[in-house]
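Geometric and topological summary
Here is what each chain is made of, one letter per residue.
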Amino acid sequence: MEKRKRKCLLLFVCILVLSLHAGASVSAKSKDVTKKYKSEVTKILAPFDLYLCYPMAYGKATGKFVFNDYTKTSMIIYSPIITAYSYEKVDAVKKKCLPKMKLYFGSNAKFKLKKYRGYQIDNKLHYLFKNNNGRIVYTGGEYSVMDTPKGKVTKILQTSKNRYTVTYKEYLTNDYFGYPRQYRGTYQIYLKKASNTMGFLITNIKLISSAEWKYWK
């Protein structure tokens, strides 16, 4: 019995040592490349500030950020990257969106919209736009007048040869009334080096934290 206990203890110690070593190895591989890539990564992410700030613009975000084809579709439509109008034909919007989706998210990105089933409260960010009998409809709310979301790249870590993790913070400001910017939340955005005009692809997005809304003063 004692011999078995000693073996179990030895096995546990070995597993612990290997785990710590693996963690140290991953950490050692990470390299801070913020200064090198901050400018170009900011240009890639800035068009999506409206979308990324949306779930916590006027309250604390709840739930997990879902990064799927519905999300990718809504991100492009809601950005200034293309111009899409309410009740424009879905096929026309798809034609404009797909090249941009593949540019930002890769060749596997697909244009997807959930079917519109009448007015209903749907707080899921990835369903911000829907397909209403072949016409595109926006199902979300609006920012207050002159309220502008602005993101900031605070850190970029190179985690492997072609992989990067970006810490991206969202703020809300109102330039018209001169309100100072207000912190709204933090994302971790995962990038992969690519041979496209952007230099990177967005491979995943995770919402790390968000803040309670404080009314402008």
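Summarised in this report is the structure supplied together with it. (Residues numbered from 1 in each chain as written. Predicted model: local features only at pLDDT ≥ 70, side-chain atom pairs only at ≥ 80, totals over all residues. Heavy atoms only, no water.)

Residues Val145, Met146, Tyr176 and Phe177 make up a contiguous nonpolar surface patch of roughly 490 Å² in combined accessible area. If you trace the backbone, Val145 turns up in the loop between strand 4 (135-138) and strand 5 (147-158). Overall, the relative accessible area of 67% leaves Val145 in the exposed class. (Patch = residues over 30% accessible without salt bridge, like charges linked within 9 Å, V, L, I, M, F, W, Y side chains within 5 Å. Areas by Shrake-Rupley, 256 points an atom, 1.4 Å probe, with all protein chains shown as cover. Salt bridge = Lys/Arg side-chain N within 4 Å of Asp/Glu carboxyl O. Helix = DSSP H or I, 4+ residues; strand = E, 2+ residues; numbered from the N terminus. Buried < 20%, exposed > 50% of the residue type's maximum accessible area, 1.4 Å probe, protein only.)

Moving on to the sheet that holds strand 7 (residues 179-193). As summarised here, the arrangement of the five strands in space is 1-5-6-7-8, forming an open sheet in which the pairing is antiparallel. This sheet does not close on itself; its edge strands, each paired only once, are strand 1 (31-32) and strand 8 (200-210). In this structure, strand 5 lies alongside strand 6 (residues 163-174), joined through eleven bridges in antiparallel fashion. Opposite Asp147, over in strand 6, you have Asn174 as the bridge partner. Across the sheet, helix 2 (residues 34-45) lies against strand 1, strand 5, strand 6, strand 7 and strand 8, angled at about 145° from strand 5, the strand it touches most. (Pairing = 2+ DSSP bridges. Contact = heavy atoms within 4.5 Å. Axes fitted to C-alpha atoms, helices over the stretch in contact; angles between N-to-C directions.)

With that settled, the discussion passes to the packing of aromatic side chains. By convention here, two paired aromatic rings are described through the distance between centres and the angle between planes. In the structure shown here, the tally under the stated rule is 22 aromatic pairs. Here the aromatic rings of Phe129 and Tyr138 are separated by 5.2 Å at their centres, their planes lie at 50°, and the arrangement is tilted. What makes Phe129 buried here is its relative accessible area of 9%. The interplanar angle of 90° and the centroid separation of 5.4 Å between the aromatic rings of Tyr164 and Phe200 together place this pair among those described as edge-to-face. (Phe/Tyr/Trp six-rings, centres within 6.5 Å; stacked < 30°, edge-to-face > 60°.)

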